[in-house]
Amino acid sequence: MKIVPPGSTVGVLGSGQLGRMFALAARSMGYRVHTYSPEEDSPTGHVADVEVSAPYEDLDRLRDFARAIDVLTFEFENVPRAALDAVERLVPVRPPAEALWVSQNREREKEFLRKVKVPVAPWAAVRTSGELATALSSVGAPAVLKTAAFGYDGKGQEKISSKDEREAEAAWARLGKAPCVLEAFVDFQREVSVVAARGAGGKTALFPSFENEHSKHILDVTTCPSALSPFEEKQANEIAQAILDALSYVGVLCIEFFHARDGRLLVNEIAPRPHNSGHLTIDACVTSQFEQQLRAVAGLPLGSTDLLRPAAMANLLGDLWADGVPRWENACAVPGVALHLYGKKEPRPGRKMGHLTALAATPDEARRKVLEARASLLR
(Lines give C-alpha, C1' and ligand atoms only; values in the text may rest on other atoms or scores of the structure.)
Protein backbone atom coordinates (compact mmCIF):
# COMPACT_ATOMS: atom_id res chain seq x y z
CA MET A 1 0.00 0.00 0.00
CA LYS A 2 1.42 3.36 -1.05
CA ILE A 3 2.25 5.63 1.89
CA VAL A 4 0.40 8.94 2.07
CA PRO A 5 3.09 11.10 3.72
CA PRO A 6 2.70 14.07 6.07
CA GLY A 7 1.90 17.18 4.09
CA SER A 8 -0.77 15.30 2.15
CA THR A 9 -4.50 15.96 2.43
CA VAL A 10 -6.86 13.51 4.13
CA GLY A 11 -10.57 13.72 3.38
CA VAL A 12 -13.23 12.84 5.96
CA LEU A 13 -16.85 12.01 5.17
CA GLY A 14 -18.86 13.15 8.16
CA SER A 15 -18.23 16.14 10.38
CA GLY A 16 -19.10 15.22 13.97
CA GLN A 17 -16.92 14.83 17.04
CA LEU A 18 -15.15 11.71 15.74
CA GLY A 19 -14.05 13.64 12.67
CA ARG A 20 -12.98 16.55 14.87
CA MET A 21 -10.72 14.42 17.05
CA PHE A 22 -9.36 12.63 13.97
CA ALA A 23 -8.61 16.00 12.34
CA LEU A 24 -6.77 17.21 15.44
CA ALA A 25 -4.61 14.06 15.41
CA ALA A 26 -3.95 14.36 11.68
CA ARG A 27 -2.98 18.03 11.86
CA SER A 28 -0.60 17.31 14.74
CA MET A 29 1.22 14.93 12.38
CA GLY A 30 1.43 17.49 9.59
CA TYR A 31 -1.55 16.52 7.43
CA ARG A 32 -4.16 18.78 5.92
CA VAL A 33 -7.78 17.79 6.49
CA HIS A 34 -10.86 18.38 4.33
CA THR A 35 -14.31 17.41 5.63
CA TYR A 36 -17.53 16.79 3.68
CA SER A 37 -21.04 16.56 5.11
CA PRO A 38 -24.44 18.26 4.82
CA GLU A 39 -23.63 20.28 7.96
CA GLU A 40 -22.16 23.77 8.22
CA ASP A 41 -19.98 25.16 11.01
CA SER A 42 -19.52 21.58 12.22
CA PRO A 43 -17.29 20.13 14.95
CA THR A 44 -14.89 18.79 12.31
CA GLY A 45 -15.19 21.91 10.20
CA HIS A 46 -13.91 24.02 13.11
CA VAL A 47 -10.49 22.36 12.91
CA ALA A 48 -10.31 21.22 9.28
CA ASP A 49 -8.50 23.18 6.57
CA VAL A 50 -11.55 22.98 4.29
CA GLU A 51 -15.21 22.30 5.10
CA VAL A 52 -17.50 21.32 2.23
CA SER A 53 -21.21 21.41 3.06
CA ALA A 54 -23.25 19.40 0.55
CA PRO A 55 -25.48 16.31 0.47
CA TYR A 56 -23.87 12.87 0.25
CA GLU A 57 -26.13 12.25 -2.75
CA ASP A 58 -24.47 15.08 -4.73
CA LEU A 59 -21.96 12.88 -6.55
CA ASP A 60 -20.54 15.75 -8.62
CA ARG A 61 -19.62 17.70 -5.46
CA LEU A 62 -18.17 14.51 -3.99
CA ARG A 63 -16.00 13.97 -7.05
CA ASP A 64 -14.74 17.56 -6.82
CA PHE A 65 -14.00 16.93 -3.13
CA ALA A 66 -12.09 13.74 -3.99
CA ARG A 67 -9.89 15.51 -6.55
CA ALA A 68 -8.53 17.78 -3.81
CA ILE A 69 -7.47 15.02 -1.40
CA ASP A 70 -4.99 12.13 -1.33
CA VAL A 71 -6.94 9.54 0.69
CA LEU A 72 -10.48 9.34 2.11
CA THR A 73 -11.80 8.01 5.39
CA PHE A 74 -15.12 8.43 7.22
CA GLU A 75 -16.39 9.02 10.73
CA PHE A 76 -20.05 8.24 10.14
CA GLU A 77 -21.71 4.95 9.16
CA ASN A 78 -24.71 6.22 7.26
CA VAL A 79 -22.86 7.45 4.19
CA PRO A 80 -24.54 6.06 1.04
CA ARG A 81 -22.58 3.29 -0.66
CA ALA A 82 -22.90 5.17 -3.97
CA ALA A 83 -20.99 8.08 -2.46
CA LEU A 84 -18.01 5.89 -1.56
CA ASP A 85 -18.12 4.13 -4.92
CA ALA A 86 -17.95 7.49 -6.71
CA VAL A 87 -14.99 8.66 -4.64
CA GLU A 88 -13.16 5.34 -4.81
CA ARG A 89 -12.70 5.74 -8.57
CA LEU A 90 -10.58 8.82 -7.89
CA VAL A 91 -8.81 8.28 -4.55
CA PRO A 92 -8.16 5.43 -2.09
CA VAL A 93 -10.95 4.87 0.48
CA ARG A 94 -9.87 3.42 3.84
CA PRO A 95 -11.51 1.54 5.54
CA PRO A 96 -12.89 -0.25 2.47
CA ALA A 97 -16.40 0.56 1.30
CA GLU A 98 -17.36 -3.09 1.78
CA ALA A 99 -16.80 -2.80 5.55
CA LEU A 100 -19.07 0.23 5.71
CA TRP A 101 -21.73 -1.55 3.65
CA VAL A 102 -21.68 -4.59 5.96
CA SER A 103 -22.01 -2.49 9.11
CA GLN A 104 -24.83 -0.29 7.77
CA ASN A 105 -27.40 -3.08 8.02
CA ARG A 106 -27.84 -5.38 11.01
CA GLU A 107 -29.00 -8.31 8.90
CA ARG A 108 -25.94 -8.05 6.62
CA GLU A 109 -23.73 -7.65 9.68
CA LYS A 110 -25.17 -10.74 11.38
CA GLU A 111 -24.78 -12.78 8.19
CA PHE A 112 -21.17 -11.62 7.90
CA LEU A 113 -20.44 -12.57 11.53
CA ARG A 114 -22.05 -15.97 10.95
CA LYS A 115 -19.74 -16.57 7.97
CA VAL A 116 -16.70 -15.55 10.01
CA LYS A 117 -17.91 -18.01 12.68
CA VAL A 118 -17.73 -15.62 15.61
CA PRO A 119 -20.23 -16.05 18.47
CA VAL A 120 -23.41 -13.93 18.44
CA ALA A 121 -26.74 -14.19 20.23
CA PRO A 122 -29.48 -16.18 18.44
CA TRP A 123 -31.23 -13.97 15.87
CA ALA A 124 -33.54 -14.01 12.88
CA ALA A 125 -34.48 -11.57 10.12
CA VAL A 126 -37.94 -9.98 10.13
CA ARG A 127 -39.47 -8.45 7.01
CA THR A 128 -43.07 -9.72 7.21
CA SER A 129 -45.59 -10.65 9.90
CA GLY A 130 -44.98 -14.30 9.07
CA GLU A 131 -41.24 -13.91 9.56
CA LEU A 132 -41.88 -12.13 12.86
CA ALA A 133 -43.92 -15.08 14.15
CA THR A 134 -41.29 -17.55 12.95
CA ALA A 135 -38.48 -15.48 14.49
CA LEU A 136 -40.28 -15.26 17.82
CA SER A 137 -40.74 -19.02 17.82
CA SER A 138 -37.08 -19.75 17.02
CA VAL A 139 -35.36 -16.98 19.01
CA GLY A 140 -37.70 -16.99 21.99
CA ALA A 141 -38.32 -14.30 24.56
CA PRO A 142 -37.24 -12.02 26.07
CA ALA A 143 -35.80 -10.59 22.88
CA VAL A 144 -34.97 -7.26 21.27
CA LEU A 145 -36.41 -6.19 17.92
CA LYS A 146 -34.03 -3.84 16.09
CA THR A 147 -34.42 -2.01 12.81
CA ALA A 148 -31.96 -3.39 10.26
CA ALA A 149 -30.78 0.09 9.28
CA PHE A 150 -30.21 3.50 10.88
CA GLY A 151 -30.21 2.45 14.52
CA TYR A 152 -27.78 3.86 17.09
CA ASP A 153 -27.72 4.77 20.79
CA GLY A 154 -30.79 2.63 21.38
CA LYS A 155 -32.84 4.19 18.57
CA GLY A 156 -34.87 1.77 16.47
CA GLN A 157 -35.13 -0.87 19.22
CA GLU A 158 -38.05 -2.44 21.08
CA LYS A 159 -37.82 -5.05 23.84
CA ILE A 160 -40.23 -7.99 23.63
CA SER A 161 -40.83 -9.62 27.00
CA SER A 162 -42.97 -12.63 26.03
CA LYS A 163 -43.77 -14.95 23.11
CA ASP A 164 -47.18 -13.31 22.74
CA GLU A 165 -47.39 -12.48 19.02
CA ARG A 166 -49.60 -9.47 19.76
CA GLU A 167 -46.84 -7.87 21.82
CA ALA A 168 -44.33 -8.53 19.04
CA GLU A 169 -46.67 -7.12 16.37
CA ALA A 170 -47.20 -3.96 18.43
CA ALA A 171 -43.45 -3.54 18.87
CA TRP A 172 -42.89 -3.98 15.14
CA ALA A 173 -45.62 -1.43 14.38
CA ARG A 174 -43.86 1.11 16.64
CA LEU A 175 -40.78 0.59 14.46
CA GLY A 176 -42.81 1.38 11.36
CA LYS A 177 -42.83 -2.26 10.23
CA ALA A 178 -39.38 -1.64 8.78
CA PRO A 179 -37.06 -4.59 8.06
CA CYS A 180 -35.68 -5.74 11.41
CA VAL A 181 -33.69 -8.40 13.18
CA LEU A 182 -34.97 -10.14 16.31
CA GLU A 183 -32.17 -10.91 18.76
CA ALA A 184 -32.34 -13.03 21.89
CA PHE A 185 -31.94 -10.95 25.04
CA VAL A 186 -28.52 -11.67 26.56
CA ASP A 187 -28.20 -11.94 30.34
CA PHE A 188 -24.81 -10.23 30.54
CA GLN A 189 -22.54 -9.33 33.41
CA ARG A 190 -20.83 -6.53 31.52
CA GLU A 191 -20.50 -4.90 28.13
CA VAL A 192 -17.02 -4.56 26.70
CA SER A 193 -15.50 -3.24 23.50
CA VAL A 194 -12.27 -3.86 21.65
CA VAL A 195 -10.88 -1.09 19.47
CA ALA A 196 -8.46 -2.53 16.94
CA ALA A 197 -6.48 -1.25 13.97
CA ARG A 198 -5.27 -3.02 10.86
CA GLY A 199 -2.73 -1.32 8.67
CA ALA A 200 -0.59 -1.87 5.63
CA GLY A 201 0.32 -5.49 5.00
CA GLY A 202 -2.27 -6.76 7.48
CA LYS A 203 -0.40 -5.77 10.63
CA THR A 204 -2.73 -5.21 13.58
CA ALA A 205 -2.66 -3.41 16.92
CA LEU A 206 -5.35 -3.80 19.58
CA PHE A 207 -6.04 -1.54 22.53
CA PRO A 208 -6.77 -3.08 25.94
CA SER A 209 -10.47 -3.91 26.23
CA PHE A 210 -12.83 -1.26 27.57
CA GLU A 211 -15.69 -1.87 30.01
CA ASN A 212 -18.82 0.14 29.19
CA GLU A 213 -21.82 1.29 31.19
CA HIS A 214 -24.89 2.66 29.40
CA SER A 215 -27.69 4.92 30.54
CA LYS A 216 -30.88 5.11 28.43
CA HIS A 217 -29.03 3.14 25.72
CA ILE A 218 -26.29 5.81 25.44
CA LEU A 219 -22.72 5.11 26.56
CA ASP A 220 -22.25 6.76 29.95
CA VAL A 221 -18.95 5.61 31.45
CA THR A 222 -16.01 3.58 30.13
CA THR A 223 -13.17 2.15 32.21
CA CYS A 224 -9.90 0.58 31.12
CA PRO A 225 -8.62 -2.01 31.62
CA SER A 226 -11.85 -4.00 31.77
CA ALA A 227 -12.56 -6.80 34.22
CA LEU A 228 -12.06 -9.51 31.58
CA SER A 229 -9.66 -12.26 32.60
CA PRO A 230 -6.46 -12.69 30.54
CA PHE A 231 -8.05 -15.72 28.85
CA GLU A 232 -11.23 -13.77 28.00
CA GLU A 233 -9.16 -10.84 26.73
CA LYS A 234 -7.32 -13.25 24.44
CA GLN A 235 -10.65 -14.59 23.16
CA ALA A 236 -11.92 -11.08 22.44
CA ASN A 237 -8.72 -10.19 20.61
CA GLU A 238 -8.88 -13.34 18.49
CA ILE A 239 -12.44 -12.49 17.47
CA ALA A 240 -11.39 -8.94 16.59
CA GLN A 241 -8.48 -10.27 14.53
CA ALA A 242 -10.79 -12.63 12.61
CA ILE A 243 -13.17 -9.79 11.76
CA LEU A 244 -10.38 -7.44 10.65
CA ASP A 245 -8.87 -10.09 8.39
CA ALA A 246 -12.20 -11.17 6.89
CA LEU A 247 -12.91 -7.57 5.86
CA SER A 248 -9.34 -6.96 4.56
CA TYR A 249 -9.66 -3.96 6.81
CA VAL A 250 -7.48 -0.85 6.82
CA GLY A 251 -8.26 1.57 9.64
CA VAL A 252 -9.70 1.47 13.15
CA LEU A 253 -12.63 -0.81 13.97
CA CYS A 254 -14.60 -1.30 17.19
CA ILE A 255 -16.21 -4.60 18.18
CA GLU A 256 -18.81 -4.41 20.95
CA PHE A 257 -19.34 -7.53 23.06
CA PHE A 258 -21.77 -8.85 25.63
CA HIS A 259 -19.92 -10.76 28.35
CA ALA A 260 -22.63 -13.22 29.33
CA ARG A 261 -23.06 -14.49 32.86
CA ASP A 262 -22.09 -17.97 31.68
CA GLY A 263 -18.71 -16.56 30.54
CA ARG A 264 -19.35 -16.42 26.78
CA LEU A 265 -18.26 -13.41 24.74
CA LEU A 266 -20.94 -12.58 22.15
CA VAL A 267 -20.42 -9.95 19.47
CA ASN A 268 -23.18 -7.33 19.63
CA GLU A 269 -22.14 -5.12 16.72
CA ILE A 270 -19.19 -3.65 14.86
CA ALA A 271 -18.41 -0.02 14.06
CA PRO A 272 -16.02 0.70 11.16
CA ARG A 273 -14.43 3.78 12.75
CA PRO A 274 -13.06 5.07 16.05
CA HIS A 275 -15.56 4.61 18.87
CA ASN A 276 -16.94 6.54 21.83
CA SER A 277 -15.51 3.95 24.24
CA GLY A 278 -12.02 4.60 22.85
CA HIS A 279 -11.97 8.33 23.60
CA LEU A 280 -9.95 7.78 26.76
CA THR A 281 -7.02 6.64 24.57
CA ILE A 282 -6.32 10.33 23.83
CA ASP A 283 -5.07 10.80 27.39
CA ALA A 284 -4.40 7.25 28.57
CA CYS A 285 -2.51 5.47 25.76
CA VAL A 286 0.78 6.00 23.94
CA THR A 287 -1.18 6.33 20.67
CA SER A 288 -4.79 7.53 20.57
CA GLN A 289 -7.39 5.71 18.49
CA PHE A 290 -7.53 8.80 16.23
CA GLU A 291 -3.81 8.91 15.57
CA GLN A 292 -4.01 5.17 14.95
CA GLN A 293 -6.74 5.73 12.34
CA LEU A 294 -4.55 8.31 10.61
CA ARG A 295 -1.53 6.00 10.67
CA ALA A 296 -3.56 3.13 9.21
CA VAL A 297 -5.23 5.06 6.38
CA ALA A 298 -1.96 6.83 5.50
CA GLY A 299 -0.04 3.54 5.33
CA LEU A 300 2.27 4.43 8.23
CA PRO A 301 3.35 1.89 10.87
CA LEU A 302 0.76 1.52 13.64
CA GLY A 303 1.55 3.07 17.00
CA SER A 304 1.84 1.49 20.43
CA THR A 305 -1.47 0.77 22.17
CA ASP A 306 0.10 0.53 25.64
CA LEU A 307 -2.00 1.94 28.46
CA LEU A 308 -0.06 4.57 30.42
CA ARG A 309 -2.33 4.37 33.49
CA PRO A 310 -5.78 2.97 34.27
CA ALA A 311 -8.42 5.39 33.02
CA ALA A 312 -12.12 6.20 32.85
CA MET A 313 -14.19 8.31 30.48
CA ALA A 314 -17.59 9.90 31.18
CA ASN A 315 -19.77 11.33 28.43
CA LEU A 316 -21.11 14.88 28.73
CA LEU A 317 -24.62 15.03 27.28
CA GLY A 318 -26.73 18.07 26.49
CA ASP A 319 -28.83 17.34 29.59
CA LEU A 320 -26.07 19.00 31.67
CA TRP A 321 -27.06 22.39 30.22
CA ALA A 322 -30.65 22.15 31.50
CA ASP A 323 -29.98 24.61 34.35
CA GLY A 324 -27.42 26.79 32.63
CA VAL A 325 -23.80 26.50 31.53
CA PRO A 326 -21.93 23.72 33.40
CA ARG A 327 -19.22 24.81 35.83
CA TRP A 328 -16.19 23.79 33.78
CA GLU A 329 -13.80 25.21 36.38
CA ASN A 330 -15.00 22.63 38.91
CA ALA A 331 -14.18 19.65 36.71
CA CYS A 332 -10.85 21.12 35.67
CA ALA A 333 -9.93 21.49 39.34
CA VAL A 334 -10.03 17.69 39.88
CA PRO A 335 -6.44 16.40 39.61
CA GLY A 336 -5.86 13.98 36.73
CA VAL A 337 -9.04 14.94 34.83
CA ALA A 338 -9.04 16.18 31.23
CA LEU A 339 -11.92 18.04 29.57
CA HIS A 340 -12.81 17.52 25.89
CA LEU A 341 -15.63 19.55 24.31
CA TYR A 342 -16.78 19.11 20.72
CA GLY A 343 -17.76 22.64 19.75
CA LYS A 344 -21.46 21.91 19.25
CA LYS A 345 -23.55 25.03 19.63
CA GLU A 346 -26.89 23.56 20.63
CA PRO A 347 -27.03 21.28 23.69
CA ARG A 348 -29.97 18.88 23.51
CA PRO A 349 -30.97 16.02 25.84
CA GLY A 350 -29.05 12.91 24.84
CA ARG A 351 -26.71 14.80 22.49
CA LYS A 352 -23.00 14.09 23.03
CA MET A 353 -21.37 17.45 23.71
CA GLY A 354 -18.03 16.28 25.11
CA HIS A 355 -16.36 13.95 27.56
CA LEU A 356 -14.14 13.86 30.63
CA THR A 357 -11.21 11.49 31.10
CA ALA A 358 -9.56 10.64 34.41
CA LEU A 359 -6.33 8.72 35.07
CA ALA A 360 -5.66 6.99 38.39
CA ALA A 361 -3.90 4.03 40.01
CA THR A 362 -6.84 1.66 39.37
CA PRO A 363 -9.85 1.58 37.03
CA ASP A 364 -12.22 1.92 40.00
CA GLU A 365 -10.38 4.99 41.26
CA ALA A 366 -10.41 6.52 37.78
CA ARG A 367 -14.15 5.85 37.52
CA ARG A 368 -14.79 7.46 40.91
CA LYS A 369 -12.73 10.48 39.94
CA VAL A 370 -14.36 11.06 36.56
CA LEU A 371 -17.86 10.77 38.05
CA GLU A 372 -16.89 13.20 40.81
CA ALA A 373 -15.66 15.65 38.18
CA ARG A 374 -18.85 15.32 36.15
CA ALA A 375 -21.06 15.79 39.21
CA SER A 376 -19.11 18.94 40.08
CA LEU A 377 -20.26 20.58 36.83
CA LEU A 378 -23.71 21.09 38.35
CA ARG A 379 -22.60 22.60 41.67
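Looking at the sheet that holds strand 4 (residues 71-74)
Move 1: Spatially, 4 strands are ordered 3-2-1-4 in an open sheet, and the strand pairing comes out parallel. The open sheet has two edge strands, strand 3 (50-53) and strand 4, and neither has a second partner. Ignoring strand direction, the axes of neighbouring strands in this sheet form an average angle of 20°.
Move 2: Pairing analysis gives 5 bridges linking strand 1 (residues 9-13) to strand 2 (residues 32-37), with the strands arranged parallel. Across the sheet, the residue bridging to T9 is R32, located in strand 2.
Move 3: Strand contacts of helix 2 (residues 59-67): strand 1, strand 2, strand 3 and strand 4, with the helix running at about 175° to strand 2, the strand carrying the most contacts.

Structural notes on the side chain of R198
Move 1: Relative to the assigned elements, R198 resides in strand 9 (residues 188-198).
Move 2: Side chain to side chain, R198 and D245 meet in a polar contact 3.1 Å long.
Move 3: In this structure R198 touches K203, T204, L244, D245, S248, Y249, V250, G251, A296 and L302, once residues within four positions along its chain are discounted.

Some thoughts on the side chain of R20
Move 1: Here R20 shows up in helix 1 (residues 17-28).
Move 2: Of note is the side chain of R20, whose polar atom sits 3.2 Å from the backbone oxygen of Y342.
Move 3: Aside from chain neighbours lying at most four places away, what touches R20 is P43, T44, H46, V47, L341, Y342 and G343.

With respect to the sheet that holds strand 8 (residues 180-184)
One key point about sheets: their strands pair by backbone hydrogen bonds, in either a parallel or an antiparallel sense.
Move 1: Pairing is antiparallel across the open sheet formed by 4 strands, whose spatial order is 5-8-6-7. Lying at the two open borders of the sheet, with one neighbouring strand each, are strand 5 (123-126) and strand 7 (157-160). Averaged over all pairs of adjacent strands, the angle between strand axes in this sheet comes to 20°, irrespective of strand direction.
Move 2: Note that strand 5 and strand 8 share 4 bridges and pair antiparallel. Pairing of W123 across the sheet is with E183, part of strand 8.
Move 3: Of the strands in this sheet, strand 5, strand 6 (143-147), strand 7 and strand 8 touch helix 5 (residues 106-116), which is tilted by about 145° from strand 5.
Move 4: Sheet strands in contact with helix 7 (residues 165-174) are strand 5, strand 6, strand 7 and strand 8, and its direction is about 175° off that of strand 7.

Rules used throughout
Residues take numbers from 1 onward in each chain, read along the sequence in its written order. For this predicted model, a pLDDT threshold of at least 70 governs which residues receive local features, and a threshold of 80 or more governs which side-chain atom pairs are given and counted, while totals over whole chains, interfaces and linings are taken from all residues. Calculated side-chain values reflect all of the structure's heavy atoms, with hydrogen atoms and water omitted. Whether two strands pair comes down to DSSP finding at least two bridges between them. For the purposes of this entry, the term helix denotes a DSSP run of H or I that reaches at least four residues, the term strand denotes a run of E that reaches at least two, and both are numbered from the N terminus. Fitted lines through C-alpha atoms give the axes, limited to the stretch in contact for helices. The angle between two N-to-C directions lies from 0 to 180 degrees. The contact definition used throughout considers only heavy atoms, calling two residues in contact when any of these lie within 4.5 Å. We define a polar contact as two N or O atoms separated by no more than 3.5 Å, with the added condition that, inside protein, one atom must be a possible hydrogen donor and the other a possible acceptor, whereas residues neighbouring each other in sequence contribute only through side-chain atom pairs.

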